[in-house]
Structure formats: structure tokens, C-alpha cells
Amino acid sequence: MKAVSCLSGELSVVEIPTPQPARGQLLLDVRRCGICGSDLHAKDHADELTEVMDAVGYPDFMRGDTPVVMGHEFCGEVAERGPGVAKEFKVGTTVVSFPLLRANGGVHLTGLSPLAPGGYAEQVLGEAAMSFVVPNGLDVDTAALTEPMAVALHAVRRSDIGRRDTAVVIGCGPVGLAVICHLKAMGVATVIASDYSPTRRALAARCGAHVVVDPAQDSPYDRAAQKKGVITAAPDLYELGMSSMEKLRRVPGWAHLYRLADKLGAAGPKSPVIFECVGVPGMIDGAIAAAPVASKVIVVGVCMGDDRLRPAMANGKEIDLRFVFGYTPLEFRDTLYLLADGKVDASALVTGRVGLDGVAAAFQALGDPESQAKILIDPRSPAVEPGSPVA
């Protein structure tokens with residue numbers, strides 16, 4: 001079968017053996033596969049992650065000197081079933097699969113390991129236990145967004161954001177846009193999006209951002225600070241505490257009132273929730289430095305290089321810093337149904353499509369934020385260019 005191989009930073013269409021489904025596995029005809037930002041980085045910088053992945057106990061991550069078929073955001077039709085597969089996965093059924101595969105004596109990251117070839121191919125393997133039939137006649141373009149949208153759902157859920165809160169999304173690439181889609185679906189009161197790219201700012205507005213900011217001209221953190229109850233400087237926090245105590249101490253049983261206010265979240269400053277969706281060195285420290293006091297910073301973007309931050313600044317501002325990665329099987333399933341039921345609209349994310357012969361061109365196009373956001377691969381398509389730039 002045809003597949004796109006990555007070796008030493010070069011992408012090329014090659015012939016590889018058709019995979020055979022083992023017990024509990026499905027062989028899928030790939031209908032669509034998304035190109036992820038992590039794919040873009042791994043193409044040229046996979047070796048930078050070797051030490052990190054070894055440290056987390058996974059030595060089989062892709063590396064520059066070993067060919068790998070990338071692609072972990074895929075949707076496909078069942079072509080063949082291995083032994084022990086449930087009857088719901090009939091041949092011809094459209095499914096999405098969690099990108100993990102049992103192979104070579106272990107569980108591997110589909111599309112990010114040479115031991116588990118991914119969806120940049122005519123066919124790909126999936127675990128039936130981790131696969132889900134696409135419901136409600138959902139189109140394959142949208143179904144292929146299940147994986148990146150699940151990443152965003154996991155980040156939003158881990159943030160514990162409420163409908164009355166203010167969200168700040170830094171970076172409006174596909175991950176940031178996906179986060180905005182989920183925040184809109186949740187009904188979050190204020191969503192502020194920030195990106196240098198005019199095209200991506202326009203996409204953020206289409207996805208549901210209430211305020212869109214060019215950080216070269218305005219600060220998204222300053223916009224968040226305009227909300228009542230938000231504090232930006234430590235002395236203002238000290239003044240809040242002192243003036244509140246001056247009033248409370250005049251009331252008999254003031255400690256009980258204080259405890260009640262604290263339980264209701266009304267004893268301190270308002271806490272904006274910041275989603276860092278860029279993933280380049282300096283972004284985390286920059287968010288900590290610019291965020292209002294008591295903000296929550298959710299690190300969604302994966303910085304694949306070394307970084308630095310100033311812990312004392314985070315201490316002094318009592319920043320809640322939380323890192324997220326991936327999603328649970330239930331979140332993956334929930335995302336599919338949110339898309340299929342129309343509760344989350346991710347239609348703005350897809351900006352281009354190519355066939356296998358156009359993958360190299362798609363990678364190049366994705367380097368320009370004014371051109372494309374999310375490009376899908378259709379192995380049946382003859383397209384060698386992703387199409388017109390984003391309108």
C-alpha cells in the first residue's frame with residue numbers, strides 16, 4: 001500500500017506492506033487524517049524529544065534516523081477485522097480510533113512511533129476496544145477532528161472553568177481554536193483570544209471568541225483585567241485583604257462570614273483562566289508574568305525544547321499552573337458525540353485537503369499562519385496542493 005514516510009526530515013510517498021490486524025484489531029481504509037502541530041515539529045526535531053521520552057519510559061518514540069509513517073488524527077472504514085472483534089465493527093463501518101496500538105510486545109503511539117504506523121497511508125490499524133463507530137452520519141472531515149478536539153476538551157475540563165469565568169486563549173492555531181469551540185459550547189461568559197495572525201484571529205471569532213486581540217497592539221491579559229474583581233498587582237491584593245478585614249472585624253462572628261465567603265469563592269480576587277496554546281520557549285513564563293493575580297494557567301501547547309520560568313513570580317502571584325496532555329478514552333468518545341450531535345461546531349478548523357502526494361506541500365503551507373489552519377489528508381484524492389488560502 002501507499003504511505004508517506006518521514007526520514008531525516010524528508011517526506012516521501014513509498015510502498016509498504018499492508019498491515020494485518022491481530023486479535024482485537026481493525027484494519028481501516030483511511031478516509032481522512034489530520035496533520036497535527038506535533039507532526040510538524042517532529043518531522044524535523046524528533047531527536048530533541050528522545051531524552052524526554054526515555055525519561056517518561058517510552059524509548060520507542062520516532063527519531064530522525066528511522067522511517068516512520070505519521071498521522072494520529074484519523075477516521076477510516078473497517079476493511080478487515082481481527083479475531084475477537086465485536087460485531088458492531090462490520091466491514092464498511094466508519095470509525096475513529098484512539099491512537100494507541102498493541103504491537104511488537106508493547107503499546108505504542110500510533111503515528112509517532114515506527115512500531116505503529118499512522119494514518120498518512122491508505123490503511124492503518126486500530127484497536128477495536130479503543131475505536132468508536134461514527135454516529136449520526138457525521139461526515140468524515142468532522143469525524144477526523146475527534147482527536148484534536150478531544151485534546152481541547154481534556155484541557156477545558158482540567159481547567160475547571162465555569163460559565164461565569166473569563167477565559168484567555170493564547171495562540172489561535174488548531175489547538176487554540178479547538179479550545180475556543182469547547183468554551184463556546186460550554187457557554188463561558190467571556191472568551192478572549194490572542195494571535196499575531198489576522199487570519200487566525202478571524203478564525204477565532206468564527207469559533208466563538210467574544211474578544212479578539214492582536215498582541216502586537218493590545219494585551220489579552222489587560223482585557224481580562226477589565227473584569228470586576230480582577231487584581232493585577234500584589235499591593236492591590238494586600239489592600240483588598242486589609243480593607244475587607246477592617247469591615248469584617250466590626251461584625252460579631254466575622255470568622256464565620258469569612259469562611260462562608262471563602263467557600264463560595266468570594267473571599268479573594270477573580271481568577272481568569274488562561275490557556276497557553278502556543279508551546280514555544282518563553283510562553284509559560286510570559287503568561288505567568290502578565291497574568292492577573294490568582295490566575296489559572298493551563299499549558300496546552302507542548303514545548304518540545306528546553307524552557308525557563310521564574311518560580312518566585314508564580315509564587316508571589318499565586319498562579320495555578322497546570323499541564324495537560326492527551327485525553328481519556330471517555331473524553332475521546334464524548335468528543336465524537338459532541339461533534340455528531342452538533343453541540344460543538346468545529347467547522348472553521350478545516351482549511352485544506354490533500355492526497356498522499358500533497359503531504360509535503362501541506363507541511364510547507366502550514367508554516368504560514370495566513371494560509372492554513374488544519375489540513376486533512378484524503379488518501380483517495382489526487383490533490384497535491386491544499387487549496388485556496390483561508391478566506
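Please read these numbers as outputs of a predicted model, since none were measured by experiment. (Residues numbered from 1 in each chain as written. Predicted model: local features only at pLDDT ≥ 70, side-chain atom pairs only at ≥ 80, totals over all residues. Heavy atoms only, no water.)

1. Some words on the overall build of the protein
Of regular secondary structure, the protein possesses 13 helices and 17 strands. By the compact-globule yardstick of 21 Å for 391 residues, the protein fits well, its C-alpha radius of gyration being 23 Å. C-alpha extents for the protein along the principal axes are approximately 80 × 45 × 40 Å. Out of the 391 residues in the protein, the part that is buried amounts to 50%. Looking at the protein as shown, the accessible area adds up to about 18100 Å², and 53% of this sits on carbon and sulfur atoms. Distance between charge centres in the protein, computed from 37 positive and 45 negative side chains, equals 11 Å. (Helix = DSSP H or I, 4+ residues; strand = E, 2+ residues; numbered from the N terminus. Rg over C-alpha atoms; globule rule 2.2 N^0.38 Å. Buried < 20%, exposed > 50% of the residue type's maximum accessible area, 1.4 Å probe, protein only. Areas by Shrake-Rupley, 256 points an atom, 1.4 Å probe, with all protein chains shown as cover. Lys, Arg positive; Asp, Glu negative; His and termini not counted. Charge placed at Lys NZ, Arg CZ, Asp CG, Glu CD.)

2. Examining helix 12 (residues 329–340)
The periodicity of an α-helix, 3.6 residues per turn, causes residues three or four places apart in sequence to face the same way. The first and last C-alpha atoms of helix 12 sit 17 Å apart over twelve residues, in line with the 16 Å expected at 1.5 Å per residue. Restricting attention to buried positions, one finds in helix 12 the residues Glu331, Phe332, Asp334, Thr335, Leu336, Leu339 and Ala340. For helix 12, the elements touching its buried residues are strand 5 (94–97), strand 9 (131–133), helix 3 (140–143) and helix 4 (146–159). Just downstream of helix 12, Gly342 is the residue with a positive phi angle, here 75 degrees. (Expected span 1.5 Å × (residues − 1). Contact = heavy atoms within 4.5 Å.)

3. Section: the domain arrangement of the protein
Each assigned domain of the protein is listed here: domain 1 (2–133 + 349–377) and domain 2 (148–323). On a C-alpha basis, the centres of domain 1 and domain 2 stand 34 Å from each other. Residue-level contacts link twelve residues of domain 1 with 13 residues of domain 2. Counting the surface lost from both domain 1 and domain 2, the interface buries some 1100 Å², and carbon and sulfur atoms represent 69% of this. In this assembly, domain 1 and domain 2 are joined by zero salt bridges. Remark: the boundary between domain 1 and domain 2 carries two residue pairs in polar contact (both at pLDDT 80 or more). Split by residue class, the side of domain 1 that touches domain 2 holds five nonpolar, three polar and four charged. (Domains from an automatic or database assignment. Buried area = accessible area lost by both parts, 1.4 Å probe. Salt bridge = Lys/Arg side-chain N within 4 Å of Asp/Glu carboxyl O. Polar contact = N/O pair within 3.5 Å; in protein donor to acceptor, adjacent residues only side chain to side chain. Nonpolar A, V, L, I, M, F, W, Y, C, P; charged D, E, K, R; others polar.)

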